[in-house]
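Coordinate analysis (summary)
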Amino acid sequence: MRKDVPLDDTDFGRAFPCRCVLEEKEEERLARLQRYSNLGPLVRLTFANLMSRGRSTDPGNQERFARAVAAAQQFAEEPSGWLVLGGPSGCGKTHLAAAIGNASIEQGRPAFFVVVPDLLDHLRAAYKPGSEVSYDELFEQVRNAPLVILDDLGGHSATAWAQEKLFQLLNHRYNHRLPTVFTTGVPLEEMDERLRTRLSDASLAQVFVLEDGLGGGTAAFGGLALPVIREMTFESFYLGGIGISSEASQSLRNAFRAAKNYAESPEGWLVLLGRTGCGKTHLAAAIGHHLESKGITVEFCVVPDLLELLRSSFREEAAGGQFDQIFEAARTTPCLILDDLGVHSATPWAQEKLFQILNYRYNAKLPTVITVGCALDDLPDSWVSRMYDTKVSMIFEIEAPDYRGRPRKQAPPPQPARRGGRKRAAR
């Protein structure tokens, strides 16, 4: 494109990129920065969808979280020094850290996000012949990146080698005063002295310790903290044995494998179908526990309980209820687990609220795990069509008996509605 200017103008005859080219270059630049960032599915965690953490009734906790948010937003605007965010799993520290990275990318600045145990695994693997990335290349990238976000510091295996690599990394960034964000679930006083002295250096680092319940996945609905649910891990999952048919055992193994893969890379929806006691809730909870261990906020709720909580808070709204906060938590939480969809009271109000939650998460492709104990034909078509959208969702049917072993009438397992042969067994 050339400007329409007089002959004596310095821009006469010069070619300039048009608006569409500039916009395309901007999209390419953002895509390049996002690829570099290593944020992956955490690109959805921003300051805009960070909840106020009003679920905590302790004014002191709320004030501490508000101060941490303000510091994180200021750091995102002008990265300088170190920002250390401590606290238990689910308190919101990883969301804040990822929000800093995403804000930096939006402003055109690179940011590199990495989970510390994963970083150490990558460094170990880089020693091996044939590695796609050399050890020196990877270590240098993390040492000198303009902004590094180190998630879950202290969650690594504390071997002498790991401690030495972390010290070399932190010491380099400490000496060069490079902007760095840390999240940790380990109190600073319990860390290696060399790390502790640098992380707590008031001339460089701001330290914020967030309290349990400010943003945790169990604060709103209590799901993953319940005693029985707490024991539902991948390690304790029953893969079948004596008295289980080979077909049922294979069904369990397929679902187990799919759930583990999803937990490693949560993307879109995972729908688990099966009769009561087949293990679908166990796998859903195991996914939640695994994601929480990686610092990702998870909300686990039984659908009838969620609806009752929404009803009660809606009735109390005039008296200061928390309907909006609870509803927003279900709609926008980084990972939502809806257990026993379809066994709730199907009132118009309940159906409308569930559709609003499901539709938002479908459109945003937010990680969502759904367990269903009824036939999909019994659910509204608008829900089922979204579950069958292979661009967003995958469906697994567990054809196994009640693992608790209680006597029951023989009944065929629930069959999913067939819609154009789109049922998937794996992504």
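Refer to the structure presented above.
**Quick word on the environment of Val-271**
- One can find Val-271 in strand β6 (residues 269–273).
- Since its relative accessible area comes to 0%, Val-271 is described here as buried.
- The spacing of Val-271 and Val-369 is 98 residues in sequence and 5.9 Å in space, taken between C-alpha atoms.
- Not counting the four nearest positions on each side in its chain, Val-271 is found in contact with Ile-370, Val-372, Met-387, Ser-393, Met-394, Ile-395 and Phe-396.

**Points about the sheet that holds strand β9 (residues 368–372)**
- Spatially, the five strands line up as an open sheet ordered β7-β8-β9-β6-β10, and their pairing is parallel. Across the chains shown, the open sheet's two edge strands, defined by having one partner strand only, are β7 (298–302) and β10 (393–397). The sheet shows a mean angle of 15 degrees between the axes of neighbouring strands, taken without regard to direction.
- Helix α9 (residues 246–264) rests against β6, β9 and β10 of the sheet, and its axis sits at about 150 degrees to β10.

**A word on the pairing of strand β1 (residues 82–86)**
- β1 sits mainly inside the fold: five of its five residues count as buried.
- Both faces of β1 are covered, namely the face carrying Trp-82, Val-84 and Gly-86 and the face carrying Leu-83 and Leu-85.
- One ladder, built from five bridges, connects β1 with strand β4 (residues 180–184); its direction is parallel. Looking across to β4, one finds that Leu-85 is bridged to Thr-183.
- Sheet analysis places β1 next to strand β5 (residues 205–209), joined by five bridges and oriented parallel. The residue bridging Leu-85 from the neighbouring strand is Phe-208, located in β5.

**What to know about the sheet that holds β4**
- Spatial strand order, β2-β3-β4-β1-β5: five strands in an open sheet with parallel pairing. A strand with exactly one partner marks an edge of an open sheet, and here the two such strands are β2 (112–115) and β5. Strand-to-strand twist in this sheet, taken as the mean axis angle between neighbours without regard to direction, amounts to 15 degrees.
- Where helix α6 (residues 160–175) meets the sheet, it contacts β1, β3 (148–153) and β4, and its direction lies at approximately 140 degrees from that of β3.

**A word on the nonpolar core**
- Core analysis: the biggest nonpolar cluster contains 61 residues, and Leu-83, Leu-96, Ile-100, Val-181, Phe-234, Leu-283 and Ile-287 have the highest contact counts within it.
- Looking at which element gives the most residues to this core, the answer is α9, with eight residues.
- In this structure Phe-234 touches Phe-256, Ala-259, Lys-260, Ala-263, Leu-283, Ala-286, Ile-287 and His-290, once residues within four positions along its chain are discounted.
- The next biggest cluster of nonpolar side chains, apart from the first, holds 31 residues, and it includes Ile-326, Leu-358, Tyr-362 and Leu-379.

**Examining the packing of helix α12 (residues 323–332) against helix α13 (residues 348–364)**
- With their axes 8 Å apart at the nearest point, α12 and α13 run at an angle of 45 degrees to one another. What the angle tells us is that α12 and α13 run oblique. Mapping the contact onto sequence places Phe-323, Phe-327, Ala-330, Arg-331 and Thr-332 in α12 and Trp-349, Lys-353, Gln-356, Ile-357, Tyr-360 and Arg-361 in α13.
- Here the contact of α12 with α13 is composed, by residue class, of six nonpolar, two polar and three charged.

**Section: the environment of Ser-37**
- On the secondary structure map, Ser-37 appears in helix α1 (residues 19–37).
- Residue class for Ser-37 comes out buried when judged on its relative accessible area of 0%.
- Spatially, the C-alpha atoms of Ser-37 and Pro-110 are 6.8 Å apart, while their sequence positions differ by 73 residues.

**Points about the side chain of Asp-201**
- Relative to the helices and strands, Asp-201 is located in the loop between α7 (193–199) and β5.
- One buried charged residue, Asp-201, remains without a salt bridge, the closest side chain of opposite sign being Arg-177 at 4.4 Å.
- Once residues lying within four places of it in the same chain are set aside, the contact partners of Asp-201 are Tyr-174 and Arg-177.

**A short note on the packing of α9 against helix α10 (residues 280–293)**
- Taken N-terminus to C-terminus, the directions of α9 and α10 make an angle of 25 degrees; their axes are 9 Å apart at the nearest point. Judged by the angle between their axes, α9 and α10 are roughly parallel. You can see that α9 and α10 cross each other, and the crossing is right-handed. Listed contacts from α10 to Ala-255, Phe-256, Ala-259, Tyr-262, Ala-263 and Glu-264 of α9 are Leu-283, Ile-287, His-290 and Leu-291.
- Residues that form the contact of α9 with α10 fall into these classes: eight nonpolar, one polar and one charged.

**Digging into the environment of Gly-268**
- Mapping Gly-268 onto the fold places it in the loop between α9 and β6.
- Classification of Gly-268 as buried rests on a relative accessible area of 5%.
- Residues Gly-268 and Ala-364, spaced 96 residues apart in sequence, show a C-alpha to C-alpha distance of 8.7 Å.
- Discounting chain neighbours no more than four positions away, the residues touching Gly-268 are Tyr-262, Lys-365, Leu-366, Pro-367, Thr-368 and Val-392.

Conventions and cut-offs
The numbers attached to residues start from 1 for each chain and follow its sequence in the written order. A pLDDT threshold of at least 70 governs which residues receive local features in this predicted model, and a stricter bar of 80 or more applies before side-chain atom pairs are shown or counted, although totals over entire chains, interfaces and linings include all residues. Water and hydrogen atoms play no part in the side-chain values, which are based on all heavy atoms of the structure. Under the DSSP-based scheme used, a helix requires at least four consecutive residues in state H or I and a strand at least two consecutive residues in state E, with every element numbered from the N terminus. Classification of residues uses two cut-offs on accessible area relative to the type maximum, computed with a 1.4 Å probe and protein chains only: under 20% is buried, over 50% is exposed, and between them is partly exposed. Contacts were defined at the residue level, with two residues in contact if any of their heavy atoms lie within 4.5 Å. What makes two strands pair is DSSP finding at least two bridges between them. With axes taken as lines fitted to C-alpha atoms, and helix axes fitted only over the stretch in contact, angles between N-to-C directions fall between 0 and 180 degrees. In this text, buried Ala, Val, Leu, Ile, Met, Phe, Trp, Tyr and Cys residues form a nonpolar core when linked through side-chain atoms within 4.5 Å. An angle counts as roughly parallel when it lies under 35 degrees, as roughly antiparallel when it exceeds 145, as roughly perpendicular when it falls between 65 and 115, and as oblique in every other case. By the convention adopted, Pro, Cys, Tyr, Trp, Phe, Met, Ile, Leu, Val and Ala count as nonpolar, Lys, Arg, Asp and Glu as charged, and the other residues, Gly among them, as polar. Neither His nor the chain ends is counted toward charge; the positive residues are Lys and Arg and the negative residues Asp and Glu. Whenever Lys or Arg places a side-chain nitrogen within 4 Å of a carboxyl oxygen from Asp or Glu, that contact is recorded as a salt bridge. Left-handed describes a crossing in which the near helix is turned anticlockwise from the far one by less than a right angle; the clockwise case is right-handed.

Distances and angles like these do not, on their own, reveal function.
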